[in-house]
Structure formats: structure tokens, C-alpha cells
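# Per-entry structural report
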Amino acid sequence: LPSHNPPHHQAFHGKYGQEPLFFACAPGRVNLIGEHIDYCGYAVLPMAIEQNIVAAVSVSDSKTIQLANTEPKYKDFSVSVDGLSIDRENPQWHYYFLCGVRGIQEHLSLSSLAGMCCMVDGTIPASSGLSSSSALVCCAGLVTMEACQKALSKVTLAETCAKCERYIGTEGGGMDQSISFLAEEGTAKLIEFNPLRATDVRLPDGAVFVIANCCVEMNKAASSHFNTRVVECRIATKMLAKARGLDWSRLLKLGDLQKELQVSLEQMLELVEELLHPEPYSREEICKTLGISTEQLCEDILSANTQHATDFKLYQRARHVYSEAARVLQFKAVINMHFNFSSCTLLVKNLEQLRLLKVLK
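What counts, and at which threshold
Residues numbered from 1 in each chain as written. Predicted model: local features only at pLDDT ≥ 70, side-chain atom pairs only at ≥ 80, totals over all residues. Heavy atoms only, no water. UniProt positions renumbered as here; feature names shortened; annotations may be inferred. Helix = DSSP H or I, 4+ residues; strand = E, 2+ residues; numbered from the N terminus. Contact = heavy atoms within 4.5 Å. Polar contact = N/O pair within 3.5 Å; in protein donor to acceptor, adjacent residues only side chain to side chain. Salt bridge = Lys/Arg side-chain N within 4 Å of Asp/Glu carboxyl O. Buried < 20%, exposed > 50% of the residue type's maximum accessible area, 1.4 Å probe, protein only. Core = buried A, V, L, I, M, F, W, Y, C linked by side-chain atoms within 4.5 Å. Pairing = 2+ DSSP bridges. Axes fitted to C-alpha atoms, helices over the stretch in contact; angles between N-to-C directions. Parallel < 35°, antiparallel > 145°, perpendicular 65-115°, else oblique. Left-handed = near helix turned anticlockwise from the far one by under 90°.

Going by an unreviewed UniProt entry, the protein chain carries the name Galactokinase 2 and comes from Cyprinus carpio carpio. The annotation that UniProt attaches to the protein chain under Sequence similarities (unreviewed entry) is "Belongs to the GHMP kinase family. GalK subfamily."

The structure is reproduced here in C-alpha cells:
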């Protein structure tokens, strides 16, 4: 336990009249480059930030999960461990927490969960694009794992929490959860998927990143903006695959399409220019091209909160994904070249010093 009493510690004692058994913490993140491409299967380059979500926790035999928050606007919530349900139509803060609980329970095939009292605190501005919701899901996953006295690797925790956040309706690609678990101090990470892996990307010494909050909130689960992009990329994948004579029904991601065609990102951009038009696609045009009914489009391709969508920007989404995926690789190459050049310069200086020492001798 910390030597001092942070707000969540004091609030926990005031709420539950006891000391917490343990604390769990998950950081937020900022993505340096690689916007909206993780759910298409492409590598991204985020880093964790100091702002985080913290939970103070005690464990009991009560068969109840009690949740409270140091922020008064987030109301208390209590639920039986045998009656977990997540209302994606009403994405309240406690449902994000339950996503993490349910995800760990299902991954470990736990027939029963420990009862818990939790006090949640956070310094990540809500709905600001710094992954407060994913950090909450990750924190809840950690809490559940520890409360049930289990152990999972960071990679497994990241993959599990990426999947279980979809219970709230957000069809993300796993970047937020991956960097929350796999981040290390002093380095950004190149996050790659299938399989999930993280590679250090050292940033220039003295680099400063200014993260500005425009104060416009965007709750991904409460709106359709995010999932609309996901769906547009999915439809673009199928339209391009159909045009190239592939089995489009099994392809969901633009990254999978590139692998199937075995061509470069530059060639994929050329295909987008050749096969997709810049004007938005209507439902009718998509259904006619793929040879499916409107019902099939809604059931098999659209997400629950994009059923109302009528126009889809396929050209713009596909073009962005392939060009952004290339920019991520270019960024990493530039960083590596910078440090390789610095290392060579240092080596030359060291050799010169050795030569001078030899002369002096």
C-alpha cells in the first residue's frame, strides 16, 4: 500500500469503513501516429501518459460487486456476481468496469466471482481521446484477476480487455488496451497485431509532447461516429475484394485484404484509386455490388449502432488506412535512422579519443 493516503484510499475508507486490500492502476495513452488503423489490422505507435485510472479494492464473500467513484457525477452501482449484464444502450461508467470483470471471468472460465468493494479514481479527462474508457476496462480486468487470485500475462490481459470492451458496443482494434498494459517508461511502442507484440521505439532525447484538450467530449460507445468508420473500412474491404475476384464474405479488415493480395501498401493505394469512387456509397449501391439484400447488410456487416447509416465514405477510409499504415512505418524508420546516425557519430568520437590516447602514450 502507498505510504500516504491518496484520494481513492481516503474515499474507500469513508465509503466502506475498512482498508483496501490492494490497488490496481491502468494508464491512458496518446497515439503518436497510426490513427484509426488498429481495427484494420495495422501497426500503431502510441505511448502511455501519466494520467490514469486507479481502483482501491477489498474482497469478500458477499457475492456482490459494489462500485463507487471519487467523482460525484458517477453514481454508485451494485450488482450480484451471478447477474452481470451490460447495457450497451446506456453506456454508464460502471458498465465499462463490468466489461473488464466479465472479460476476465469468461477468459478464465470462472464459474463464480469474488465479491468486491471498489473505489475508482481517475485523472484522465473523460471522453477526451486519451482512452479513459479503455483504461477503466483494463483496470477492472486487473482488479478481477487479482481478486480471484489468478495470474495472466500482460499480452493476455491486453487481448482479453480489447475483446471484452466490445460488450459495450465499441468495435476497437486493441491499441488502447495494448499500450495500457505493455507501456514502459521512457519509450513509445510499435504495437502490432495477430499476434499482439510491442517493440520499443526510442524517441529523441529532450523530445516534448504537448497534449491539448479541446474540451469537446466524444463518448465512442454513446455515439455512432467511431463504429461508422469501422464499418466503412469493413465494407471497403469487401468491395475491393469482390472487385479482385476474392471470397469477400470472409474478409473483414483492409489489412487482411492486403495480405491476401500479397501486394505493397503503395499498390493497395493504387487499387483504391482505381476501384473506389470518392462520392459516398449508398446502401443500394453496396448491396447491388456485393449481391446481398439490405437485411444481410444490416445483419452481417453493420454494427448495432450504425443500422441507421445511409451513406458510406469507402474511398476516403480505405485511402486513409493504407497511407497512414505506410506513415507509421516511415516514422519508425526515421527514428531508427536518427539513432543509428547518433550511434555512428558517437562511435567515431570514441575512436578519435582512443587514437588521441594512443598518441599521448
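## Quick notes on the environment of Arg29
Looking at the element boundaries, Arg29 is found in strand β1 (residues 22-33). Between the C-alpha atom of Arg29 and that of Ile49, which follows or precedes it by 20 residues, the distance is 5.2 Å. Sequence-distant contacts of Arg29, defined by excluding residues within four places in its chain, comprise Pro46, Met47, Ala48, Ile49, Gly129, Leu130, Ser131, Met175, Asp176 and Ile179. Of note is the side chain of Arg29, whose polar atom sits 2.9 Å from the backbone oxygen of Gly129.

## Observations regarding the pattern of salt bridges
Scanning all chains against the criterion turns up 14 salt bridges. With a closest N to O distance of 2.8 Å, Arg29 and Asp176 form a salt bridge. Placement of Arg29 in strand β1 and of Asp176 in helix α5 (residues 175-182) is noted, with a sequence separation of 147 residues between them. The exposure class of Arg29 is buried, given its relative accessible area of 10%. Of the charged contacts in the structure, one is a salt bridge between Arg327 and Glu324, with a shortest N-O distance of 2.8 Å. Residue Arg327 and its partner Glu324 are located together in helix α11 (residues 314-360), separated by three residues, close to a single helical turn. Assessed through its relative accessible area of 34%, Arg327 is described here as partly exposed. It is possible to trace a salt-bridge network through shared partners that takes in Glu184, Lys189 and Asp200.

## Notes on the nonpolar core
Core analysis: the biggest nonpolar cluster contains 105 residues, and Phe97, Val143, Ile235, Leu254 and Leu276 have the highest contact counts within it. Not counting chain neighbours up to four residues away, the residues in contact with Leu276 comprise Ala236, Met239, Leu240, Leu271, Tyr281, Leu314, Tyr315 and Ala318. Core analysis: the next-biggest nonpolar cluster, separate from the first, contains six residues, Phe12, Tyr16, Ala68 and Met119 among them.

## What about the side chain of Asn227?
Mapped onto the fold, Asn227 is located in helix α6 (residues 225-243). Classification of Asn227 as buried rests on a relative accessible area of 2%. For Asn227, the side chain forms a polar contact with the main-chain nitrogen of Glu171, separated by 3.1 Å. Apart from the residues within four sequence positions on either side, Asn227 is in contact with Gly169, Thr170, Glu171, Ser303, Asn305 and Thr306.

## Focus on the UniProt feature "domain: GHMP kinase N-terminal" (unreviewed entry) in the protein chain
As recorded in UniProt, the feature "domain: GHMP kinase N-terminal" (unreviewed entry) lies at residues 101-182. Helix makes up 51% of residues 101-182 and strand 10%. Its end C-alpha atoms lie 20 Å apart.

## What to know about unusual backbone geometry
Here Asn194 and Pro195 are connected by a cis peptide whose omega angle stands at 5°. By the element assignment, Pro195 lies in the loop between β6 (188-192) and β7 (197-201). The phi torsion at Lys63 lies on the positive side, around 65°, for a residue other than glycine. With respect to the helices, strands and loops of the structure, Lys63 is situated in the loop between β2 (45-60) and β3 (64-69). A positive phi angle, near 55°, is found at Ser127, a position not held by glycine. With respect to the helices and strands, Ser127 occurs in the loop between β5 (115-122) and α3 (132-147).

## Remarks on the environment of Arg202
Tracing the sequence through the fold places Arg202 in the loop between β7 and α6. Taking the relative accessible area as the measure of exposure, Arg202 reaches 46% and is therefore partly exposed. Along the chain, Arg202 and Lys189 lie 13 residues apart, while their C-alpha atoms are 8.3 Å from each other. At a separation of 3.3 Å, a polar atom in the side chain of Arg202 contacts the side chain of Asp205.

## Quick look at the environment of Cys117
Counting through the fold element by element, Cys117 comes out in strand β5. Through-space distance from the C-alpha of Cys117 to that of Asn69 is 11 Å; in sequence the pair is 48 residues apart. Aside from chain neighbours lying at most four places away, what touches Cys117 is Phe12, Tyr16, Gln18, Ala56, Val57, Ser58 and Gln66.

## Notes on the sheet that holds β3
Pairing is mixed in the open sheet, where five strands are placed in the order β1-β2-β5-β3-β4. Every interior strand has two partners, whereas the edge strands, β1 and β4 (77-80), have only one. Neighbour-to-neighbour, the strand axes of this sheet turn through a mean angle of 20°, independent of strand direction. Alignment of β2 against β5, held across eight bridges, turns out to be antiparallel. Residue Val59 lies in a different strand from β5, and its bridge partner there is Met116. Together, β3, β4 and β5 form the strand contacts of helix α2 (residues 93-107), whose direction differs from that of β3 by roughly 135°.

## Remarks on the packing of α2 against helix α4 (residues 154-164)
With their axes 9 Å apart at the nearest point, α2 and α4 run at an angle of 120° to one another. Taken together, α2 and α4 sit at an angle that is classed as oblique. Helix-helix and strand crossings are classified by hand; for α2 and α4 the assignment is right-handed. For the pair α2 and α4, contact is made by Cys99, Gly100, Gly103, Ile104 and His107 and by Thr156, Leu157, Thr160 and Cys164, respectively.

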